[in-house]
Amino acid sequence: MKNKKMTRMKFILFTGLMAIMLVGCGNAVPDLTEDQSDEVAQAAVDLLLSTKDTNTRLVDTEEEGRIRAEKHRKEREIAEKIKQNKEALKNQKANEENEENGEAEGEVQQEETSPVETLSSISELAPFLGLDELTIQSDGYTLTESYMDEAEEDGEWAPYIDATSGNKLFVVHLIVQNPTDHDVAADVASMNTSFRLMADGKYGGSSLLTMLLSDFSIMKDTIPAGASKNYVLITQVPDSLESVSTIKLVVQKDDNTLQIGL
């Protein structure tokens, strides 16, 4: 349908042009009716407009050629930038992978060459806490699902604590002694302190706050002259842990820190 319309418009335009050209060298211009003139003009306009949506043009102006050339230039620039960006991303990814590999190797080397950590003795704990008249010793550890204070009398209720699902209680036992000839009061509960237990350098965490009378972190007691009392610090570890090779106790008091090997 479109081709027939184009053919008709071209025919009308051609007829109008021929009518003008047939005059030859004379000065007379063939008379066209008003309707014929309008039809020829409209056909010319339609023909020009119809070529706008196609790749062929009746007139290719210098401006249009410049615009097309500029468009092609920008397309080439965009394509080149996309190519450069892809290459840059590829290089960046390769560099990141190399850096990660290098950091991993550095960490392994650092672990192999890092010096052994120096830990303080448990004997420094009492002076660190300001309990200068007392001495504190380590008395081993226990891995258990539940821990209970010893009842002072048979049948008397005693506080206890249970491990949460998937964990065990890691109980570190301490002995607080009073070597003097007089009673000594100890009030750890009122101090700005925190305790952290680590088993084999990777298990454990902050000591649990319990209701146990033997909880050293909330100790508020009087040790009679020449006597000793037992206390504990407790945290949780995975229930798969069967034994512990090394124990580290980290004590924070105000802005000071003491790391102890037990």
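Going along each chain's sequence as written, the residues are numbered from 1 onward. Given that this is a predicted model, residues contribute local features only at a pLDDT of at least 70 and side-chain atom pairs are listed and counted only at 80 or more, while totals for whole chains, interfaces and linings are drawn from all residues. The side-chain quantities take in all heavy atoms of the structure and omit both hydrogens and water.

> I keep staring at the side chain of Asp 215 and nothing clicks. Help me out?
Assignment of secondary structure puts Asp 215 in the loop between β7 (203-206) and β8 (220-223). Although Asp 215 is buried, it forms no salt bridge, and the closest oppositely charged side chain is Lys 229 at an N-O distance of 15 Å. Whether two residues are in contact is decided by their heavy atoms, any of which lying within 4.5 Å being enough. If sequence neighbours within four positions are ignored, Asp 215 has contacts with Leu 208, Leu 209, Thr 210, Val 232 and Leu 233. Numbered from the N terminus, helices here are DSSP runs of H or I no shorter than four residues, and strands are runs of E no shorter than two. Each residue is placed in one exposure class: buried if its accessible area under a 1.4 Å probe, protein chains only, is under 20% of its type's maximum, exposed if it is over 50%, and partly exposed if it falls in between. The positive count covers Lys and Arg only, the negative count covers Asp and Glu only, and His and the chain ends enter neither. Just to be clear on terms, a salt bridge is a Lys or Arg side-chain nitrogen sitting within 4 Å of an Asp or Glu carboxyl oxygen.

> Hey, could you run me through the confidence of the model for the protein chain in this one?
Detailed reading of the predicted model is not advised wherever pLDDT is low. In predicted models, pLDDT denotes the confidence assigned by the predictor to each residue on a 0 to 100 scale. Summarising the model, the protein chain shows a mean pLDDT of 76, and 60% of its residues fall at 70 or more. Mean pLDDT across the elements of the protein chain ranges from a minimum in helix α1 (residues 2-21), with 52, to a maximum in strand β4 (residues 167-177), with 95. Within the model, the stretch residues 22-29 combines pLDDT values under 50 with three contacts to residues more than four positions away or in other chains. Segment residues 51-56 is flagged for pLDDT under 50; beyond a separation of four residues in sequence, or across chains, it makes two contacts in the model.

> Help me understand the packing of aromatic side chains in this model?
Between the rings of Phe, Tyr and Trp (Trp by its six-membered ring), a pair exists once the centres lie within 6.5 Å; its type follows the angle of the planes, with under 30 degrees stacked, over 60 edge-to-face, and the other angles tilted. Within this structure, the stated rule accounts for three aromatic pairs. Ring geometry for Phe 195 against Phe 216: centres 5.8 Å apart, planes inclined by 75 degrees, an arrangement best described as edge-to-face. On the criterion of sequence distance, the pair formed by Phe 195 in strand β6 (residues 193-199) and Phe 216 in the loop between β7 and β8 is long-range, its members being 21 residues apart. As far as the burial class goes, Phe 195 and Phe 216 line up, both buried. Every member of this aromatic cluster is reached through a ring pair, and the members are Phe 195, Phe 216 and Tyr 231.

> Explanation requested: the environment of Asp 139 in the structure shown.
Turning to its location among the elements, Asp 139 is positioned in strand β1 (residues 135-144). Look at Asp 139 and you get partly exposed, because its relative accessible area is 44%. Sequence-wise, Asp 139 and Val 172 are 33 residues apart; in three dimensions their C-alpha atoms are separated by 7.5 Å. In this structure Asp 139 touches His 173 and Ile 175, once residues within four positions along its chain are discounted.

> Looking at this model, I keep getting lost on the sheet that holds strand β10 (residues 247-253). Mind explaining?
We treat two strands as partners when DSSP finds at least two bridges between them. With antiparallel pairing, four strands are arranged side by side in an open sheet as β7-β6-β10-β11. Each edge of the open sheet is held by one strand with a lone partner, namely β7 and β11 (256-261). Taken over all neighbouring pairs, the strand axes of this sheet differ in orientation by 10 degrees on average, direction set aside. One ladder, built from six bridges, connects β10 with β11; its direction is antiparallel. Note that in β11 the partner of Gln 252 across the bridge is Thr 257. Angles shown run from 0 to 180 degrees and are taken between the N-to-C directions of axes, each axis being a line fitted to C-alpha atoms and, for helices, limited to the stretch in contact.

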